[in-house]
Amino acid sequence: MAGIELLSDQGFRVDGRKANELRRIQCRLGVFTQADGSAYIEQGNTKILAAVYGPHEIRGSRSKALHDKVLVNCQYSMATFSTGERKRRPRGDRKSKEMTMHLQQTFDAAILTSLYPRSQIDIFVEVLQSDGGNYCASVNAATLALIDAGIPLKDYVCACSASFVNDKPIMDISYLEESSGGAELIVATLPKSEQIVFLEMNSRLHEDNLSHVLDMAVKGCKDIHDVLDQAVREHVGEVAAISGLE
Amino acid sequence: MVDVQLSDAEKTYIIHGAQDNLREDGRGCEDYRHLEIETSVVSTTSGSAKIRLANTEILVGVKVELGETSPENPDKGRIEFFVDCSANATPEFEGRGGEDLANEISNMLARAYDCPSCLDMRKLCVVEGKKCWIVYVDVLLLECGGSLFDASSIAVKAALYNTSIPRLTVTHDEGHTELELSDDPYDVQRLDVYNSPCIVTLSKIGHSHVVDASQKEEACCLARLMLAVTDKGCVTAMKKEGSGSFDVSSIEDMLETGKKVGQSLNKSLMEVLVSEDRNMKKKYMTGYLR
């Protein structure tokens, strides 16, 4: 994009971040009482709510039931007012369907699915405000909601995006950086074992640079893990204090 | 809506309670539950509001767009309502499951606002017969805890109050019309929502009626009457819902109660909105982080 310098000579990005800096993450667990687990996350200006229901009986047709593991059912929807231009419908468009599928695959890999055969876990993600990195924030929010629901996971699932500007990899890109036409690498990892459960790249990137960008994204996932872990510990501490466990 | 299953004994308890003006949560028949409102929560909108009425959680975003005027009303802007029942509220709303309820709510809101005195649509006209502002009101239902109609109408009114429309200057130049947007982002036009209605739902429980029924109470009520009441006590829309029936005299009673409750609801809502508008700069933690 002409006119906008995504990374200045001094090493600062448009929003004032350094190349290896995340946007500010603020989150809360247990925002709703009706859902089994729920969480809210803000990554910069991207705001996402996630709710988890289950494990419960299969809803709808029984033929969907899997005899050896739990059925992970996701739905990704965006509020019609979440983007700069108003969206016509909150879900059902191709992008949301793809996102739903990606979330499903990601969490299929992270949940200990064999513990609940013939059951179903619902993960519902609602984007309230979008400013880039929707998939990443959705995964992070859904992880927190799953933890709030007490569903056994192999590890936290943390997702982070990265791009490549002026021969330098940049971490956690915003909508502006996303739409400038550069490469976009999205990674979801299990941070402790450094296993990658989801990987997607848009646009083109020279093969030599791939490892740098991937390293940056994985580093981002680890940083996010630290933030989420702290939030979970604080939340559990509060809940324990309220219920007098201490 | 979300199923609540009650035994006969529980139902009797609730019905008798409503008769004695003492409900299961200690309220009187004409009392609302605790209500929290917050405006300016989503920065991608022209105006937004979040409301929490006990367990009911609703987020409303208002977006204004420049569009063509309609042939029937060339001198007026338009307002359009869209309701989305998020699956976050209950898994039953997944996919298209919430569509019926969503349509019902959006139709009721559209009817409530379809009254010339509610909102001055003429102010939204930019160039007569050509351009006008279209106000898209998007209601997002995030958690169900009863009284969805009431809560959404309150949230809509708050979001409309919070809405700011950029000021345009129109210049006519040899048959061409030019629109110029003000450079100052604070040079905006606000909507006058003083006369906008709030919906009051009166649920008939036994022989008496209650406002703001909780989910348990909704389970014992066979018929409800919804009234869209303005600050002056005008009723702009009315709708009976449910499988039961009313007699004429009880509708009259309910109208009286509805008007009275609606007027005080409108009054306290406006007080809160005005005071929140004044203290806007003081808040630092918003939305769900509190």
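Residues numbered from 1 in each chain as written. Chains lettered and ligands numbered in written order. Predicted model: local features only at pLDDT ≥ 70, side-chain atom pairs only at ≥ 80, totals over all residues. Heavy atoms only, no water.

A. Seen up close, the sheet that holds strand S14 (residues 235–242) of chain B. All names here are of chain B. If you trace the four strands from one edge of the open sheet to the other, you get S12-S11-S13-S14, paired in antiparallel fashion. If you trace the sheet from one side to the other, it starts and ends with strand S12 (208–211) and S14, each paired once. Going across the sheet, the axis of each strand differs from the next one's by a mean of 25°, ignoring polarity. Looking at chain direction, strand S11 (residues 198–205) and strand S13 (residues 223–229) are connected through seven bridges and run antiparallel. (Pairing = 2+ DSSP bridges. Helix = DSSP H or I, 4+ residues; strand = E, 2+ residues; numbered from the N terminus. Axes fitted to C-alpha atoms, helices over the stretch in contact; angles between N-to-C directions.)

B. How the structure looks around the confidence of the model for chain B. Scored by pLDDT, chain B comes out at a mean of 90, with 96% of its residues at no less than 70. Per-element averaging of pLDDT across chain B places strand S9 (residues 176–181) of chain B at the bottom with 85 and helix H3 (residues 148–162) of chain B at the top with 95. (pLDDT = per-residue confidence, 0-100.)

C. Structural view of a nonpolar patch on the surface. Residues and elements named next belong to chain B. The grouping of Leu66, Val170 and Leu179 at the surface amounts to a nonpolar patch, some 200 Å² of accessible area in total. As for its position among the elements, Leu179 is in strand S9. Leu179 gets classed as partly exposed once you look at its relative accessible area, which sits at 33%. (Patch = residues over 30% accessible without salt bridge, like charges linked within 9 Å, V, L, I, M, F, W, Y side chains within 5 Å. Areas by Shrake-Rupley, 256 points an atom, 1.4 Å probe, with all protein chains shown as cover. Salt bridge = Lys/Arg side-chain N within 4 Å of Asp/Glu carboxyl O. Buried < 20%, exposed > 50% of the residue type's maximum accessible area, 1.4 Å probe, protein only.)

D. Quick peek at the interface of chain B and chain A. Taken together, the contacts link 36 residues of chain B with 35 residues of chain A. A combined buried area of about 2,900 Å² lies between chain B and chain A, and 52% of that area is made up of carbon and sulfur atoms. For chain B, the biggest contributors to the area lost against chain A are Asn88(B), Tyr288(B) and Leu289(B); these three give 23% of the whole. If you look at where chain B meets chain A, you find three salt bridges. The partner of Glu94(B) in a salt bridge is Arg59(A), with the nearest N and O atoms 3.8 Å apart. If you look at where chain B meets chain A, you find 19 residue pairs in polar contact (both at pLDDT 80 or more). Contributing elements (two or more residues each) for the side of chain B that touches chain A: strand S3 (56–68), strand S4 (78–85) and strand S6 (131–143) of chain B. For the side of chain B that touches chain A, the element with the most residues is S3(B), which contributes six residues. Across the side of chain B that touches chain A, the residue classes break down as 16 nonpolar, eleven polar and nine charged. (Contact = heavy atoms within 4.5 Å. Buried area = accessible area lost by both parts, 1.4 Å probe. Polar contact = N/O pair within 3.5 Å; in protein donor to acceptor, adjacent residues only side chain to side chain. Nonpolar A, V, L, I, M, F, W, Y, C, P; charged D, E, K, R; others polar.)

E. Up close: the pattern of salt bridges. For the structure shown, the criterion picks out 31 salt bridges over all chains. Taking the shortest distance from any N to any O, the salt bridge between Glu217(B) and Arg23(B) comes out at 2.9 Å. Of this pair, Glu217(B) sits in helix H4 (residues 215–220) while Arg23(B) sits in the loop between helix H1 (8–19) and strand S1 (35–39), and the two are 194 residues apart along the sequence. Summarising the burial analysis for this pair, Glu217(B) and Arg23(B) share the class buried. Salt bridges here are not isolated pairs; linked through shared partners, they connect Arg13(A), Asp15(A), Arg17(A), Arg23(A), Asp131(A), Asp172(A) and Glu177(A).

F. A look at the sheet that holds strand S4 (residues 71–78) of chain A. Residue and element names in this part refer to chain A. Across the sheet, five strands lie side by side as S1-S2-S3-S5-S4; this open sheet has mixed pairing. Two strands close off the open sheet at either side, each with one partner strand: strand S1 (25–29) and S4. Shown here is a sheet whose adjacent strand axes are inclined to one another by a mean of 15°, direction ignored. When S4 meets strand S5 (residues 119–129), the two strands line up parallel, connected through eight bridges. Paired with Asn73 across the bridge in S5 is Asp122. Lying on the sheet, helix H1 (residues 94–110) is in contact with S4 and S5; it crosses S4 at an angle near 145°. In this fold helix H2 (residues 134–149) packs onto S1, strand S2 (37–43), strand S3 (46–57), S4 and S5, with an angle of close to 150° to the strand it touches most, S2.

G. Up close: the packing of H2(A) against helix H4 (residues 207–242) of chain A. All names here are of chain A. Closest axis-to-axis distance for the H2/H4 pair is 11 Å, and the angle between their directions is 30°. When the interaxial angle is binned, H2 and H4 end up roughly parallel. The way H2 lies across H4 gives a crossing that is right-handed. From H2, Asn140, Leu144, Ile147 and Asp148 reach across to H4, where they touch Ile224, Leu228, Val232 and His235. Class assignment for the residues of the contact of H2 with H4 results in five nonpolar, two polar and one charged. (Parallel < 35°, antiparallel > 145°, perpendicular 65-115°, else oblique. Left-handed = near helix turned anticlockwise from the far one by under 90°.)

H. Local environment of the pairing of S9(B). Residues and elements named next belong to chain B. Taken across its six residues, S9 has zero buried, putting it largely on the surface. As judged from the six bridges shared by strand S8 (residues 168–173) and S9, these two strands associate in the antiparallel manner. Residue pairing for S9: Val170 is matched across the bridge by Leu179. Where S8 folds back on S9, the antiparallel hairpin that results is connected by two residues, among which Glu174 adopts a positive phi of roughly 45°.

I. Focus on helix H5 (residues 248–278) of chain B. Counted at 1.5 Å a residue, the expected span for H5(B) with its 31 residues is 45 Å, and the 45 Å between its end C-alpha atoms agrees. Ser250(B), Met254(B), Thr257(B), Gly258(B), Val261(B), Gly262(B), Leu265(B), Asn266(B), Leu269(B), Met270(B), Leu273(B) and Glu276(B) are the residues of H5(B) that are buried. (Expected span 1.5 Å × (residues − 1).)

J. Representation of the packing of helix H2 (residues 99–113) of chain B against H3(B) in the model. All names here are of chain B. Direction vectors running N to C along H2 and H3 enclose 55°, while the axes themselves pass 11 Å from each other. Classified by the angle their axes make, H2 and H3 are oblique. As H2 runs across H3, the sense of the crossing is right-handed. Between H2, through Leu101, Glu104, Ile105, Met108, Leu109 and Tyr113, and H3, the contact on the second element is made entirely by Leu148, Phe149, Ser152, Ser153, Val156, Lys157 and Leu160. Among the residues making up the contact of H2 with H3, the classes are represented as nine nonpolar, two polar and two charged.

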